Structures are given as structure tokens and as C-alpha cells.
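Coordinate analysis (summary)
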Amino acid sequence: MQTARQPADPQAAPFLILEDIRKSYPGVLALDQFSMSVRPGEVIGIVGENGAGKSTLMKVFGGIVAPDSGTITIDGIARPALTVAESMAGGIAFVHQELNLFDNLDVAANVFIGREPRKGGWLNIVDTRKQRAMVAPLLKRIGANFAPDTPMLSLSLAQRQMVEIAKALSVKARLVILDEPTSSLPLAETDKLLDIIAGLKADGIAVIFISHRLHEIERAADRVVALRDGRLAGTLQKHEITHDRMVKLMIGRALKAQVAEAAPQPGPVMLKVRGVRTSAHPSKPVDLDLHRGEILGLAGLVGAGRTELACALFGVDPMLAGALEMDGVPLKLRSTAQAVERGIFLVPEDRKATGLVLDMSIVENISLPDLPAHSRLMMVSGQMEGEAARRQQGELDIRAARLTVATKSLSGGNQQKVVLAKWLAMAPKVMILDEPTRGIDVGAKAEIYRLMRRLAEAGVAVLMISSDMEEVIGVSDRIAVMHEGAISGILTPGDFSEENVLLLAVGKTASKRAAS
Amino acid sequence: MNKKDLGLLLLILAVGAVVAVLNPRFLLPINISNTSNLVGLFGLSAIGQAFVIITGGIELSVGSMIALVGVLFVDFIASEGVPWPVALGLMLVLGVLVGLAHGFLITKVKLQPFVVTLCGLLIYRGVARFYTQDATAGFGFGQDFPLLDGLTTGKVYGVPASVIALAIVAGAMWVVLHRSVFGRYLYAVGKNEEAARYSGIRTDRIVISAYVICQVLTVLSAIYFAMYTRSIAPASHGNFYELYAIAAAVLGGFSLQGGEGSLIGVILGVILLQELQNLVNLLGIPSSLNFAVMGGVILIGVTMDQQWGAFMARRLRTRAARAGSTARPDVAKNSG
């Protein structure tokens, strides 16, 4: 339909139209009377809280879910539902949140997985050379700085995403759907991704961009479609797109200041980190002071060594060198158990792999770190752990039918609350949170921010690792920025700005009076 | 007792009923007594295996340990004149040491459980054969140890001592597995070792403890086996016994990935396996088909269990759909 290099034309006819789509699951109306259309070269931001129906909508696009009613029209052909093949033939390609890539193959093989060019007749040998030759121009087109024969294993997360995009281009996609593409990409890489989106748009390829990061949608989208409870909550045109209006549409009301007021004076140093080296950057020692009553934000690019630092402070991996001092007493950590005994707790980055035992219930997860306290004569008391869990459920507003359900059945936000509840049931002194709000909806985010503030007010030293700029700037009392394993600077509220954090994260010095 | 265990119990009763009809000798006291004695012997080592399997590991050296402990124990008390309580103590210490070694190699040296215990299987068998120069260890004429015999091969009101031992061990281990803090840790480590570690649990110690428990129970069962057979040919004694234990656990609803299974389940698994052995004997099936029957039944049982689980999940989904609730099928599974 479209020719290459056609600019986005708001007048162009939509090639993909959804009308009155309805899809219900047992007990849930996932989509209701939902309509939208996609024009060539248009960048559409889709926003909505978790559970608003975004994933169902994507499955409708991909032909994985058949709507109960409604029509889907591609190039004038109306159908009640798409099959996966029809979706692909229509030029719809996905870049998933969890990337579907094979670490043991190279870039070209990943792009052509399942569609490899063959040679050798019945021998059916993969034509590796041809494959690489075909991938090279695709990589060039999106400005990738790696070769087609690069092993997947050696690529960063952002580069992996580029491979997925190259994959989408290789099938001559007309619509590329990016599901939370920036949730694990901080700063510079995010900019690059937005550039790629602009490039796709210039080629007349439509992009649907799903993200919890509203300022990125603000920058990239021509149009915003907001979902709420499966319905179209509203559409914003380019000039109408603002952070506040999106939030309002998503939650149906304006969000009260989600950022707490300025913190009181921070207390004395709770945890002194001196010369700590981790396996990520063995040559870079880290010095850091965590104060009582303070939320210290830890910003930086992915791979800057923030998670490794958090793991070292929690005793997960032995630190290569360095000393810790807690309340003035030297501290040696050889295991997580020792960290927990001293009141140092970690809410890990990957709540499914390390935060929760997904097959265990809410109660069992909450009592796990402090089980002896919920037992008599080393026998677990169901009554004691149940009471403790109910208290935490009330405190944190964990939404679940029963406390005995497996945590894998909970939504991301509620899972994260269970991880927090594990530690809040004990007495934290140092609370480390690694990307605490990743993939969590706006409402639950605000609750987690309030909780961190409450902890700080109670005298806990809070260390929050985050790649989300708004969050780092909005929530922290001080911001430490890491660059390639070292602290490149510490910002105080007067110097808080996206620009300063970004500059420090890429290893430059912040403007104004940023000290380090 | 959960639904899975109940289903297994019904299967045991059904098979028993069929065998009893086909050959009434099945119900003779002597047959029941013999079969239950074997349940007791195999049950002790199967419980140990269950602890290891819950952590996601496996212990392949059980059969070889039963041979090694058998020859050592019998030789100590029959030829070397070591008082049997001392020999028993020494064997238990040996079990603890072997368990510690296996656990250490698996958690600290980070070798795979299969590899470590496979090497154990080979090593202990070799040592057992070397110790007696491949000769059979046994008791001399007229040698008896009244108290030890009473405790291992005696009967109380017709109930074999091994069954009583199994009942005591099973009761204690049920409490440990299903009620104690350690048991909870064991399941947590089996389901997600990383998450357990990130909760401040010393996961290495939990795993090592499981291997120690397994070896101690294996030693115990080895002594019962030794006193039962009274002569131990080190090349063949206990061959494949680890596989009986693993099979019993799998029949009893354990997942080899770890984190799943109950004590009642493994006991029922042992009972079913022995019932099948008995079936082969009583129904005149050539005993060479013994393993084939067991393998076939395990395969059918596990397949049916799998299909049943899928069926129940579907039914829960449709029921939830009808009720219009938001209940999810994966919720109900967790109450085991």
C-alpha cells in the first residue's frame, strides 16, 4: 500500500481497523466496545494500568486471541478474528517485553529463525552467508553498531531489542508493536530506541508503543490511546498529549502528588560502604553512605553495576574487596542470612526469579525470611504466620481472594507488595529496592513510593535503584549515579534534573554545583 | 491426605482386590506379612530419597550404600566381634559422613547431584566388593543376636518389626517435612532455590541436610536388609534399590524438579510397588517380567496423573467461567 519514505500522513487511510471488539474471560471483561485504527507511518502510544486490557488487545492483533464479537479489517478485508498467519501476512510484527531470542545463536540466525535461507537441495543446509548478507542492511537501517555474526550472548539488552526490530523489518512489517520496550532500558538506550521509532515512521511503518513510561510516550507518539477496564478511555492527538492528561485517562481521575514532600533532615550514617568492588567491575571501588531516614536514589545505565552493588550489600555474592560498617560496627557478610540478621533487606530486581517462591502462597512467602519467629519449638504455626500475613495485607492493601493462593496468580503490583511484606513484617534497618516499580501500574507505584517514604520516616536507610528518571528524581532525597562500576556523582535536591543524572550516568560531570 | 494420595490409595486397594480375586493366597497372613516386611525395608530408604528429591536433587548411591553397609555391619558383628550397638553407631556415622560429602560436593563444589551420586554408586559398590574380596558376608552357624534380631526381623503381634520401624520413622519424618521450619525451607529451596536464598535462608545447609537425612535412613534400611537376607553378596546386594526408591517417590506424586510431594505419597508409592511385585509372583507371571510390569505400571500411573491434572484444570476453568468468578485454576493446586 504505502511506498517507502512516505511521511506520516494524518489523511492517509487506515490500513488496519478494529471495531467494537469485545473479549471476555471467565469473570473478566478484558475488552469491551473497543475500536481503533492504524494509519501507515503513525506512532500510537497505548497506555493503561495493568489489567486495563492492553495484553488482550495485543493478542487480538497477533491472532492469538479471537474476540467474542467485533470486526478486524486489514486492507479492506473484514474478519471476525485473525489467525496468527493472517496477522503476519497483514504485516503485523511484535517486539515482546520478554525478548524471544536464542543466546546460543548469532544475530543473523535469530533474525531468520524458522525462516532460514537454505541451500544444498535436499540436504537443506542453512545458507549462513546469505543469511548474514540479508541481515546486514536491516541492521544498518536501524543504526545498529554490531555485525550480523555477533553472538547474541555478547549483546546488551538494548542491542537485543534492535535484533527483535530487525526481525520485524525482515518480514516487511507495516505495523511494529513494541510491548514495554523501554522498561529495562535507561536513558541513552531509550533515546536510541525512540530514534529507531522515528526511522520506522519515516519509512511509513506504523508503530504501536506500549509503555508505563509516560514521558517517552509523550515524546514519541503521534496519538495516544488510553485503555481503562477494557474500554477506550480516550484518545489524545499529538498536541494534546501530556503526562497529566494520560494519567487522568488511565485512572479516571487526576493522580494526587505521587511524590512525597521534601524529606526531613537525614539522620546519621547507617551503612557505610567503603571500597567495595564487585565482579561486574572489579577495578572500580564504590564508596557510599546510607543515612537513616533517607531515600538514596541510585541511578545509572543498565550494566553500571548497580544490581551487583545491591547484591554485595545483601550478601548474595561475596564482594571482591571493601569494607562495610553498620552503625559504626564493621560488618562482614558471607551470606544473605547474615544480612537479614542485621536488618539489611533486598527487594530484588526480578521478583519472579528471586523475590518470590511463585508456587508458594502469600502467607508462606511473607513468613519465609522470619519463619522461626512464626513457629513454636521449630514447628511452623499456621496461626502465627497467618496473622502476620493478614496484618501485612491490611497495611499494604494486597489484593487477593485468599492469603493461601499461590503468589504466581497475583498481578505484578500485588506480587511486589508481597515481596515488600516479607521484609516489613520484620524490622528493616537498611532497605534496598532494585527497580521496585518496574512493570507495575500507576496506582501501585504511588503506594510503593508512599511506603518507601514511611520507612524512611521510621528511620530506615532506603536505597532505591531505578532506571526510571521521573521516579529517581521524584522520590529520592539524594541521587547517587553510577557509571561503569563507580559512583560518578551524588546529586542533592537543588541539582536534581534529568540532564544532570544523564550526564553523570554517561560519565560526564553534572552542570552547576554537583559535587561528587 | 490430599486428593493425589487418596487416588493412589484407591489404586492400591483396587489392584489388591483384583489380585485377591485371581489368587486368594494374596490375603493369607503369611503373604501380607512378607509383603509388608518388604514395604518396611524399602520404605525406609524411599523416605530418605524423598527428602533429596524435594530439593530437586537425586541420590543414586542408595543401592551401593545398602551393600557397603551390609557387608561392613555383618562383618563387624559376625567376624570382628564388635558389639552390634557400636557397629550400628559406626554405620550411622558413616551415613552422616557420606551425606555430608555428597551435600558438600553438590552445594559448595557445585557438581550436579546426578554426577556426584552416580560416582558414589560406583565407588561404594567397588569398596563393598573389595572389602570382602567379592565373597559373601554372612553369619556363622548358631550365631545370633537376640535383641538385634528381635528389633529387625521379629514380629510384634504379627506385625513385622520393619513395619513398626517404618511407621516410627515415617511419623517423625512427616512432622519434619510437613510441620517443621526445616520442612518449609526444604520445599522453598526445591521450588525456587534463588528466592529462598534471597529470603535469607542458608540454602546450602538445607540441601546438605537432605543428603545427610537420606544417607542416615539408607543406613538404617541397609541394616534391616542385612538382618533380613542374613548373607550379603556385595556384587548384587541392593542392586537398583535407589531406582525403587525413586520410582516410589515418582508414583507418590513427587516431581524430579523438586518442591513437590508428600510423605504419605512416597509411602503409598512403596506399597504399590511391593504390591506389584507380589502380583507378579502370585499371578504366575514369569518373574523375568518383573521389571517390565513395574515400569509399565509406573508409566501408566504417571501418564494418568498428568492427564487427570490437565482435566481438573480444564474443569476448574469452565466451572469458574460458569460461576463468573475470577478464580484461576492454578490457585487450587497449591493446597498440597
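Please read these numbers as outputs of a predicted model, since none were measured by experiment. (Residues numbered from 1 in each chain as written. Chains lettered and ligands numbered in written order. Predicted model: local features only at pLDDT ≥ 70, side-chain atom pairs only at ≥ 80, totals over all residues. Heavy atoms only, no water.)

The next thing to look at is the overall build of chain B. Scanning chain B for helices and strands turns up 14 helices and four strands. In terms of overall dimensions, chain B is globule-like: its C-alpha atoms have a radius of gyration of 21 Å, near the 20 Å expected for 336 residues. Principal-axis analysis of the C-alpha atoms gives chain B an extent of 75 × 55 × 35 Å. Looking at chain B as a whole, 51% of its 336 residues are labelled buried. If you sum the accessible surface of chain B, you get close to 15,400 Å²; carbon and sulfur atoms cover 68% of it. Taking the 22 positively charged and 15 negatively charged side chains of chain B as two groups, their mean positions are separated by 14 Å. (Helix = DSSP H or I, 4+ residues; strand = E, 2+ residues; numbered from the N terminus. Rg over C-alpha atoms; globule rule 2.2 N^0.38 Å. Buried < 20%, exposed > 50% of the residue type's maximum accessible area, 1.4 Å probe, protein only. Areas by Shrake-Rupley, 256 points an atom, 1.4 Å probe, with all protein chains shown as cover. Lys, Arg positive; Asp, Glu negative; His and termini not counted. Charge placed at Lys NZ, Arg CZ, Asp CG, Glu CD.)

Attention shifts here to the pairing of strand S18 (residues 344-347) of chain A. Residue and element names in this part refer to chain A. Side chains of S18 alternate between two faces, with Ile344 and Leu346 and Phe345 and Val347 buried alike. Taken together, the four bridges between S18 and strand S21 (residues 430-434) define a ladder with parallel strand orientation. The residue bridging Phe345 from the neighbouring strand is Met431, located in S21. (Pairing = 2+ DSSP bridges.)

Another aspect to go through is the packing of aromatic side chains. Residue and element names in this part refer to chain B. According to the stated counting rule, one finds eleven aromatic pairs over all chains in the structure shown. Taking the centre distance of 5.0 Å and the plane angle of 35° together, the rings of Phe42 and Tyr244 count as tilted. Of this pair, Phe42 sits in helix H2 (residues 29-54) while Tyr244 sits in helix H11 (residues 241-251), and the two are 202 residues apart along the sequence. Given a relative accessible area of 11%, Tyr244 falls into the buried group. Between the aromatic rings of Phe240 and Phe291, the centroid separation amounts to 5.6 Å while the plane-to-plane angle is 85°, which identifies the pairing as edge-to-face. (Phe/Tyr/Trp six-rings, centres within 6.5 Å; stacked < 30°, edge-to-face > 60°.)

Taken together, Val93, Val96, Leu97 and Leu100 of chain B make up a surface patch of nonpolar side chains, about 310 Å² in accessible area. Mapped onto the fold, Leu97 of chain B is located in helix H4 (residues 84-107). (Patch = residues over 30% accessible without salt bridge, like charges linked within 9 Å, V, L, I, M, F, W, Y side chains within 5 Å. Salt bridge = Lys/Arg side-chain N within 4 Å of Asp/Glu carboxyl O.)

A word on the sheet that holds strand S6 (residues 92-95) of chain A. Residues and elements named next belong to chain A. An order of S6-S9-S10-S3-S11-S12 is seen for the six strands of this open sheet, with the pairing classed as mixed. Each edge of the open sheet carries a strand with a single partner, namely S6 and strand S12 (231-237). For this sheet, the mean inter-axis angle between neighbouring strands, taken without regard to orientation, is 20°. One ladder, built from four bridges, connects strand S3 (residues 43-47) with strand S11 (residues 223-228); its direction is parallel. Bridge pairing in S11 links Gly45 to Val224. The strands touched by helix H5 (residues 157-170) are S6 and strand S9 (175-179); relative to S6, the strand with the most contacts, the crossing angle is about 170°. On top of the sheet, helix H8 (residues 243-251) reaches S3, S11 and S12; it is set at about 30° to S11, its chief contact. (Axes fitted to C-alpha atoms, helices over the stretch in contact; angles between N-to-C directions. Contact = heavy atoms within 4.5 Å.)

This part covers the interface of chain A and chain B. When the parts of a complex come together, some accessible area is lost, and that lost area is often used as the size of the interface. Taken residue by residue, the interface counts 42 residues in chain A and 28 residues in chain B. At the junction of chain A with chain B, the criterion picks out three salt bridges. Close ionic contact of Glu341 of chain A with Arg202 of chain B constitutes a salt bridge, the shortest N to O distance being 3.4 Å. Joining chain A to chain B, the criterion identifies nine residue pairs in polar contact (both at pLDDT 80 or more). Looking at the side of chain A that touches chain B, the elements with two or more residues in it are helix H10 (336-341), helix H11 (351-355), helix H12 (362-367), strand S20 (379-380) and helix H14 (412-424) of chain A. Counting residues per element, the side of chain A that touches chain B draws most heavily on H10 of chain A, at five residues. Among the residues forming the side of chain A that touches chain B, the class breakdown is 23 nonpolar, eleven polar and eight charged. (Polar contact = N/O pair within 3.5 Å; in protein donor to acceptor, adjacent residues only side chain to side chain. Nonpolar A, V, L, I, M, F, W, Y, C, P; charged D, E, K, R; others polar.)

Let's shift gears to the packing of helix H3 (residues 62-78) of chain B against helix H10 (residues 203-229) of chain B. All names here are of chain B. With their axes 8 Å apart at the nearest point, H3 and H10 run at an angle of 55° to one another. If you check the angle between H3 and H10, you find them oblique. Where H3 crosses over H10, the two elements pack in a sense that is right-handed. Within the contact between the two elements, H3 uses Val62, Met65, Ile66, Val69, Gly70, Phe73 and Val74 and H10 uses Cys214, Gln215, Thr218, Val219, Ser221, Ala222, Ile223, Phe225, Ala226 and Met227. By residue class, the composition of the contact of H3 with H10 is 13 nonpolar, four polar and no charged. (Parallel < 35°, antiparallel > 145°, perpendicular 65-115°, else oblique. Left-handed = near helix turned anticlockwise from the far one by under 90°.)

Looking now at the confidence of the model for chain B. All names here are of chain B. Residues with a pLDDT of 70 or more make up 95% of chain B, whose mean pLDDT is 91. Every residue in residues 324-336 is under pLDDT 50, and counting partners more than four places away or in other chains gives 25 contacts. Across the assembled chains, the prediction reports ipTM 0.86 with pTM 0.78. (pLDDT = per-residue confidence, 0-100.)

Turning to the environment of Gln274 of chain B, a few remarks are in order. Residues and elements named next belong to chain B. Position of Gln274 among the secondary structure elements: in helix H12 (residues 263-282). Residue Gln274 is classed as buried on the basis of its relative accessible area of 3%. Between the C-alpha atom of Gln274 and that of Val15, which follows or precedes it by 259 residues, the distance is 12 Å. Residue contacts for Gln274: discarding those within four places in its chain leaves Thr35, Leu38, Val39 and Phe42.

Close approach of charged atoms allows side chains with opposite charge to pair. Residue and element names in this part refer to chain A. Scanning all chains against the criterion turns up 32 salt bridges over all chains. Residue Arg306 is joined to Glu435 by a salt bridge in which the shortest nitrogen-to-oxygen separation is 3.9 Å. With Arg306 in helix H9 (residues 306-313) and Glu435 in the loop between S21 and helix H15 (442-457), this pair connects stretches of sequence that are 129 residues apart. Both residues of the pair, Arg306 and Glu435, count as buried.

Looking now at a negative patch on the surface. A cluster of acidic residues, Glu218, Asp244, Glu470 and Glu498 of chain A, forms a negative patch on the protein surface. Within the element layout of this structure, Asp244 of chain A appears in helix H8.

Before going further, it helps to examine the side chain of Lys54 of chain A. All names here are of chain A. Within the secondary structure, Lys54 sits in helix H1 (residues 54-62). On the basis of relative accessible area, Lys54 is assigned to the buried category, the value being 9%. Aside from chain neighbours lying at most four places away, what touches Lys54 is Ile46, Val47, Gly48, Glu49, Ile210, His212 and Leu227.

So, on to H10 of chain B. Residues and elements named next belong to chain B. With 27 residues, H10 should reach 39 Å at 1.5 Å per residue; the first-to-last C-alpha distance of 39 Å fits that figure. For H10, the buried fraction is high: 20 of the 27 residues fall into the buried class. With its phi angle positive at about 65°, Arg230 sits one or two positions after the end of H10. (Expected span 1.5 Å × (residues − 1).)

Formed by 103 residues in total, the largest nonpolar core has its most connected members in Ile47 and Phe73 of chain B. At 14 residues, H10 of chain B tops the list of elements feeding residues into this core. Counting residues in hydrophobic clusters, the runner-up holds 67 residues, among them Ala304, Leu403, Tyr449 and Val475 of chain A. (Core = buried A, V, L, I, M, F, W, Y, C linked by side-chain atoms within 4.5 Å.)

Let us look at the sheet that holds S18 of chain A. All names here are of chain A. What the six strands build is an open sheet, ordered S18-S21-S22-S15-S23-S24; its pairing is mixed. Each of the sheet's edge strands pairs with one partner strand only, and the pair in question is S18 and strand S24 (486-491). Recorded for the sheet is a direction-independent mean angle of 20° between the axes of neighbouring strands. Across the sheet, H14 lies against S18 and S21, angled at about 175° from S18, the strand it touches most. Across the sheet, helix H17 (residues 498-505) is in contact with strand S15 (295-300), strand S23 (478-483) and S24; its angle to S23 comes to roughly 30°.

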